[in-house]
Amino acid sequence: MLGGVTVMSRCFLMLALGMLMCGCASQQSSLMHASMQLDATPAADSALVVFVRGADPRDDGWPFRVVDDKARFLGECVPSSQFAVRVSPGEHALFAWAPGGDVPREYVSFYNQVGALRATFEAGKTYVVAISYSTPLTYKPARFPFVSLRLVDPSDREVAEARRTALPLSSDTVAGQAVLDRERASVEQHLALGLSKLRR
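Throughout what follows, the structure given in this document is the object of discussion. Values in this document were obtained by computation on a predicted structure and should not be read as measured data.

**Some points on the packing of aromatic side chains**
This model, assessed by the stated rule, comprises three aromatic pairs. Ring centres of Phe-51 and Phe-83 lie 5.1 Å apart, and the angle between their planes is 20°; on these two criteria the pair is classed as stacked. Residue Phe-51 is located in strand S2 (residues 47-53), and its partner Phe-83 is located in strand S5 (residues 81-87); the two are separated by 32 residues in the primary sequence. Summarising the aromatic geometry, the rings of Phe-64 and Tyr-133 are spaced 5.0 Å apart at their centres and angled 90° between planes, so their arrangement reads as edge-to-face. Here Phe-64 is found in strand S3 (residues 64-68), whereas its partner Tyr-133 is found in strand S8 (residues 126-133), with 69 residues between them in sequence. Of the two residues, Phe-64 and Tyr-133, neither departs from the other in class, the shared state being buried.

Structure follows, in C-alpha cells:
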C-alpha cells in the first residue's frame, strides 16, 4: 500500500489519465444538436440557466453530462459549447461528470470526479454556470482532473468571451433521459457522489 492506495490502483489511474492526455476521447455528443443561436430569453415564470464550457488546451474533450437532483437530463457540454435550460424558481442541485472519462471507483475509491452546485434561481433572471475541469490534466497522483460547476458573472470579460466563441447547442431531452434511465444505477451513484460534496 502507498498512502492507502495500492500500487495497482495508482498504475491504473496513471494509465487512464495517460489515455485522456493522448486525446483518446470524442468531442461529440449524440445527445446535443447545433443551433443557430442560443435562446437566452428568460420566461416570466422560470429562470434561465446557461451552461458554458470554454476551450482549454488541457481539456481531454469528453462530454460533460449535466443532470439535476431529480435525475433529469439537462444536456451535455463539449469544449467550446454552451446550452440553456429553463428551471423552476427556487433551490436546485446540479451535477456534472464525464461518463466516458470516469476513473472506476473500484480502483480509486478516494476520488470523487462529480461536479456539484447548489443554487437558488429567481424567475425572470438569467444565470451562467461555467463547467470545466478544476485541475490541470497531469500524471501527478496528487492532482487529478475533476469536473467543476461554478456560478459566474455574465459580465465578466473572460465569461463573455467564452460565451461569444462557444457553439450554441440544444438538448435532445428525450434521448438523453432514455440514456439516464438505462444507466440508472450509474446515475444514482454519481448523484450520491455529488450530494456528498454538497454536504461538506
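**Structural notes on the sheet that holds S3**
Judged by pairing direction, the sheet is antiparallel, and its four strands sit side by side in the order S4-S3-S6-S7 without closing on themselves. At either end of the open sheet lies a strand with only one pairing partner, and these are strand S4 (73-77) and strand S7 (115-121). On average, adjacent strands in this sheet sit at an angle of 20° to one another, irrespective of strand direction. Across the sheet, helix H3 (residues 173-182) lies against S3 and S4, angled at about 100° from S4, the strand it touches most.

Rules and cut-offs
Residues numbered from 1 in each chain as written. Predicted model: local features only at pLDDT ≥ 70, side-chain atom pairs only at ≥ 80, totals over all residues. Heavy atoms only, no water. Phe/Tyr/Trp six-rings, centres within 6.5 Å; stacked < 30°, edge-to-face > 60°. Helix = DSSP H or I, 4+ residues; strand = E, 2+ residues; numbered from the N terminus. Buried < 20%, exposed > 50% of the residue type's maximum accessible area, 1.4 Å probe, protein only. Pairing = 2+ DSSP bridges. Axes fitted to C-alpha atoms, helices over the stretch in contact; angles between N-to-C directions. Contact = heavy atoms within 4.5 Å.

Any functional reading would require information beyond the geometric quantities listed.
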